[in-house]
Amino acid sequence: MNEMLIMTPGPTAVAENVRLARSQTTTNPDIDLDFYDFYKVTCEKFGKFLQTKNDVRILAGEGILGLEAACASLTEQGTRVLVLDNGIFGHGFADFVTMYGGEPLLLRSPETASFDLALLEEFLEKDHDFKYATVVHCDTPSGVLNDISKICPLLKKYDILTVVDSVAAMGGEPLAVDEWEIDIVLGGSQKVLSAPPGLTFLSISQAAYQAMENRKTPIASFYCNLLVFKDYFEKKWFPYTMPISDIYGLTQAIDNLLADKEIIKRHADIAEATRQAIEHSALQLHLKNGFSNTVTVINVPKETTAQAILKEMKEHYNVMITGSFDRLEGKVLRIGHMGENARASKVAYTLYALQQTLENQGVSLLSNLQDDFLKYYQKLTFDKK
Ligand SMILES: *Cc1c(COP(=O)(O)O)cnc(C)c1O
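Residues numbered from 1 in each chain as written. Predicted model: local features only at pLDDT ≥ 70, side-chain atom pairs only at ≥ 80, totals over all residues. Heavy atoms only, no water.

Q: I tried to follow the UniProt feature "domain: Aminotransferase class V" (unreviewed entry) in the protein chain on my own but got confused; where do I start?
A: Those residues carrying the UniProt feature "domain: Aminotransferase class V" (unreviewed entry) are residues 112-321 in this numbering. Helix makes up 37% of residues 112-321 and strand 15%, whereas the separation of the span's terminal C-alpha atoms amounts to 21 Å. (UniProt positions renumbered as here; feature names shortened; annotations may be inferred. Helix = DSSP H or I, 4+ residues; strand = E, 2+ residues; numbered from the N terminus.)

Q: Looking at this model, I keep getting lost on the packing of helix 11 (residues 306-317) against helix 12 (residues 344-360). Mind explaining?
A: Two quantities define a packed helix pair, namely the angle between the axes and the distance from one axis to the other. At their nearest, the axes of helix 11 and helix 12 sit 9 Å apart, and the two run at 120° to each other. You can see that helix 11 and helix 12 cross each other, and the crossing is right-handed. Side by side, helix 11 and helix 12 meet where Ile-309, Glu-312, Met-313 and Tyr-317 of the first sit next to Tyr-349, Thr-350, Tyr-352, Ala-353, Leu-354, Gln-356, Thr-357, Leu-358 and Asn-360 of the second. Of the residues that constitute the contact of helix 11 with helix 12, the class distribution is 8 nonpolar, 4 polar and 1 charged. (Axes fitted to C-alpha atoms, helices over the stretch in contact; angles between N-to-C directions. Left-handed = near helix turned anticlockwise from the far one by under 90°. Contact = heavy atoms within 4.5 Å. Nonpolar A, V, L, I, M, F, W, Y, C, P; charged D, E, K, R; others polar.)

Q: Help me out: how do you make sense of the site of the ligand in this one?
A: All residues adjacent to the ligand are Glu-62, Ile-64, Phe-89, Val-136, Cys-138, Thr-140, Asp-165, Val-167, Ala-168, Gln-190 and Lys-191. In this structure, Glu-62 approaches the ligand through a side-chain N or O atom, which is 2.7 Å from an oxygen atom. Between the ligand and Asp-165, the relevant distance is 2.7 Å, taken from a nitrogen atom to a side-chain nitrogen or oxygen of the residue. Within the complex, 79% of the 370 Å² of free accessible area of the ligand lies under protein. When the residues that make up the shell around the ligand are grouped by side-chain class, the tally is 6 nonpolar, 2 polar and 3 charged. (Near = heavy atom within 4 Å. Polar contact = N/O pair within 3.5 Å; in protein donor to acceptor, adjacent residues only side chain to side chain. Areas by Shrake-Rupley, 256 points an atom, 1.4 Å probe, with all protein chains shown as cover.)

Below is the structure:
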């Protein structure tokens, strides 16, 4: 099979050494005490990567498990939760809150820009009686990036716990958990980490643990219960058998990220060069501001359809980008450039394929996307040094 270039905002290409790490021989992770040490060391590395002293836990399930576990553990009947909504994942948090008996209050901010801080500030002055608030770091369907460095400290001023979905940003955008006062941040293995889908990881503050321990009613889940993991190391007990091979791979993936000192800058340069090339060509970026550096979202030109573009890119150029879903279905194209896919050569070829496809479908561009991308990337990365 010809290898397809998969340039979607997750799952990303898996790093070679991550694939190999997953093939190591395994032990019984429930009873082999060495595995408890290994899991603990991996969690501590994660803490370093997230710039936090808080506990880190790796759970056996894809990113969505992290979202649900945070909500399940903090929500009981009548819990008021502030749901910051400027995107599809942002909005979706409300469903998890409702599912566990809570009362979500959706605070909406325009979807084509970062969450409006003034709006949040004004709202909180009037109403701040919430146990926790949810916010998405990069809301992937639109690519909007929210400034959690400002949002979380603002919420904490009112003693509101902060839950951040950073699945699509963690590793590719700056993230300082302790400095930014994030009580629970969660990520997924298949995005910037460039490991296969299957794991979620969270950092959990003491205040978040306290809120779980002070509940009037027990957490209404076992698999989504973050408290059952709290003392795993002292008790030498995991609530369920840990997916050991996945965790071997993840450990390598974290080592890769910790060793890659330029990773944030590379994501920024690649994303900036992509946006400049797109704008120069007279294609339209979907957002007004708040561009994330992990995904670029482009409006579908009126001459053709998302479906036709994706099909031709896949069949004729062996490149897979993606459309979007929910209210953005058919309206935008998304190019993921995160983790192993944040490489100039991969993005350049993707833009070449996009240009050929668009021109075949009657869209005339004012410039050459690939050449412009490489020119801007060169300027950002090498000329300033
Ligand atoms: C990818 C992603 C998740 C995990 O969701 P899947 O659609 O199951 O991959 C959660 N939140 C965000 C913001 C994501 O980008």
